[in-house]
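Observations on the three-dimensional arrangement
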Amino acid sequence: MPPSTQRAPDAPGFGVYIHWPFCAQKCPYCDFNSHVRFGGVDEDEFLKAYLRELDHAAALTGQRAVDSIFFGGGTPSLMLPETVEAVLSKIAALWAMEEGAEITLEANPTSVEAGRFRGYRAAGVNRLSLGVQSLDDAELKFLGRLHTAEEALAAIALARDTFPRLSFDLIYARPGQTREKWEAELRAALAHAADHLSLYQLTIEPDTTFAKLYEKGAFALPDDEDAAELYALTAGICAEKGLSAYEVSNYAAPGAQSRHNLVYWRYDDYVGVGPGAHGRIGTGASRLATRARRTPGEWIAAVGRDGHGLEAVEEISPAEQGDEMMLMGLRLEEGVSLARHARLSGNDIAPARIEALVADGLLVREGDIVRASAEGRMVLDAVLARLLA
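Residues numbered from 1 in each chain as written. Predicted model: local features only at pLDDT ≥ 70, side-chain atom pairs only at ≥ 80, totals over all residues. Heavy atoms only, no water.

1. Details of the environment of Pro 28
Turning to its location among the elements, Pro 28 is positioned in the loop between strand E1 (14-20) and helix H1 (43-61). Linking Pro 28 and Ser 167, residues 139 residues apart in sequence, is a C-alpha distance of 23 Å. Setting aside residues no more than four positions away along its own chain, Pro 28 makes contact with Phe 142, Leu 143, Gly 144, Thr 208, Thr 209 and Phe 210. (Helix = DSSP H or I, 4+ residues; strand = E, 2+ residues; numbered from the N terminus. Contact = heavy atoms within 4.5 Å.)

2. As for the packing of helix H7 (residues 179-192) against helix H9 (residues 224-240)
Packed helices, taken two at a time, are described by the angle their axes make and the gap between the axes. Between H7 and H9, the least distance of the axes is 11 Å, while the angle of their chain directions is 30 degrees. When the axis of H7 is compared with that of H9, the two are roughly parallel. For the element pair H7 and H9, the recorded crossing hand is right-handed. From H7, Arg 179, Trp 182, Glu 183, Leu 186, Arg 187 and Leu 190 reach across to H9, where they touch Glu 229, Leu 230, Leu 233, Thr 234, Ile 237, Cys 238 and Glu 240. Looking at the contact of H7 with H9 residue by residue, the class counts come to seven nonpolar, one polar and five charged. (Axes fitted to C-alpha atoms, helices over the stretch in contact; angles between N-to-C directions. Parallel < 35°, antiparallel > 145°, perpendicular 65-115°, else oblique. Left-handed = near helix turned anticlockwise from the far one by under 90°. Nonpolar A, V, L, I, M, F, W, Y, C, P; charged D, E, K, R; others polar.)

3. Some thoughts on the nonpolar core
If you look at the biggest cluster of nonpolar residues, it comprises 90 residues, and the most contacted ones within it are Val 16, Phe 71, Ile 91, Trp 95, Phe 117, Leu 130 and Leu 330. One finds Tyr 29, Ile 171, Leu 202 and Phe 210 within the second-largest nonpolar core, a separate group that totals eight residues. (Core = buried A, V, L, I, M, F, W, Y, C linked by side-chain atoms within 4.5 Å. Buried < 20%, exposed > 50% of the residue type's maximum accessible area, 1.4 Å probe, protein only.)

4. Here we look at a negative patch on the surface
A contiguous patch of negative charge on the surface is contributed by Asp 223, Asp 224, Glu 225 and Asp 226. Turning to its location among the elements, Glu 225 is positioned in helix H9. What makes Glu 225 exposed here is its relative accessible area of 58%. (Patch = residues over 30% accessible without salt bridge, like charges linked within 9 Å, V, L, I, M, F, W, Y side chains within 5 Å. Areas by Shrake-Rupley, 256 points an atom, 1.4 Å probe, with all protein chains shown as cover. Salt bridge = Lys/Arg side-chain N within 4 Å of Asp/Glu carboxyl O. Lys, Arg positive; Asp, Glu negative; His and termini not counted. Charge placed at Lys NZ, Arg CZ, Asp CG, Glu CD.)

5. Here's the deal with the pattern of salt bridges
Summed over the entire model, instances satisfying the criterion amount to 16 salt bridges. For Glu 185, the salt bridge is made with Arg 174, and the minimal N-O distance between the two is 2.7 Å. Of this pair, Glu 185 sits in helix H7 while Arg 174 sits in the loop between strand E5 (165-172) and H7, and the two are 11 residues apart along the sequence. No difference in accessibility class separates Glu 185 from Arg 174, as the two residues are buried. For Arg 179, the salt bridge identified is with Glu 229, shortest N-O distance 3.9 Å.

Next up, the structure:
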């Protein structure tokens, strides 16, 4: 096994993402690459494919030090703890591991999945991300969730006793949700939270069940003004409890930020393994974008045939690298280095664009760093369009 190592402060971070593509039920709002397989899943077959694709990923990256590992999906808590342990052992055999590397697994809070928590901890998982989504049974039913509020609270309590670190998700700006209702639910959640919350406004994604219902007028979402009020309320309440909005939809106590998601938002390197997984890999002066086949059966067949399930490996142009870095980095409270953007893209952003956004109160500039203001975060797409035009 390669020795643990510490990364140089100015070197890019490196993460490994493992995608488990299966769910017990498809949520109506979800556009992730997730599938329901009623005939069951041959987990041994998938484990063999993960291990083989990890070999291929290591050949692309060379020796790196892993900052974080993230099991996402789908519903990774449908995996056996033994599968998780085998994948983690393979990663540790292929790359060096940073001391204290973050290892996160996404889980649903049903009683069945909570029963596996101790097994995941024994396998090496040190951070759990729970898909709670709501603490109201009627809202959970609307969102297509299979757990109750009581099960969610029990899973949170068990997770806090089992893992060193815990995060859970909530969805707000739901149909008919008032400021008062959301404030009560959020404060109840904060009473149970550990050090990290992911709080997402409900959005209608194309080709989802909710998209079809929304088009038929089955329900309405808060308008932009009401949604902005809910966002401001959310940030204010979390700040009261010592959780800052280090990213647009993520709140954490000092030092408790999701290291794996910071790999994405800071435009560091990561490999993606599993159906539909994406990766960004630095190779000297260039950078590669990888994309795996989305359909589990096609991915499995490709891994068996080629040793990997990738359907695309493309070099990212300097201009695209600059745009991607800014698209991700402006989501962060810490902002983006203009000098790094220039190194990646080969071009400076016109000072007049930055000055105009600062004058409009949408950007803040502090030396080399630009970051979105509180107002800018609410219209981030428009800010980016003006900045990168």
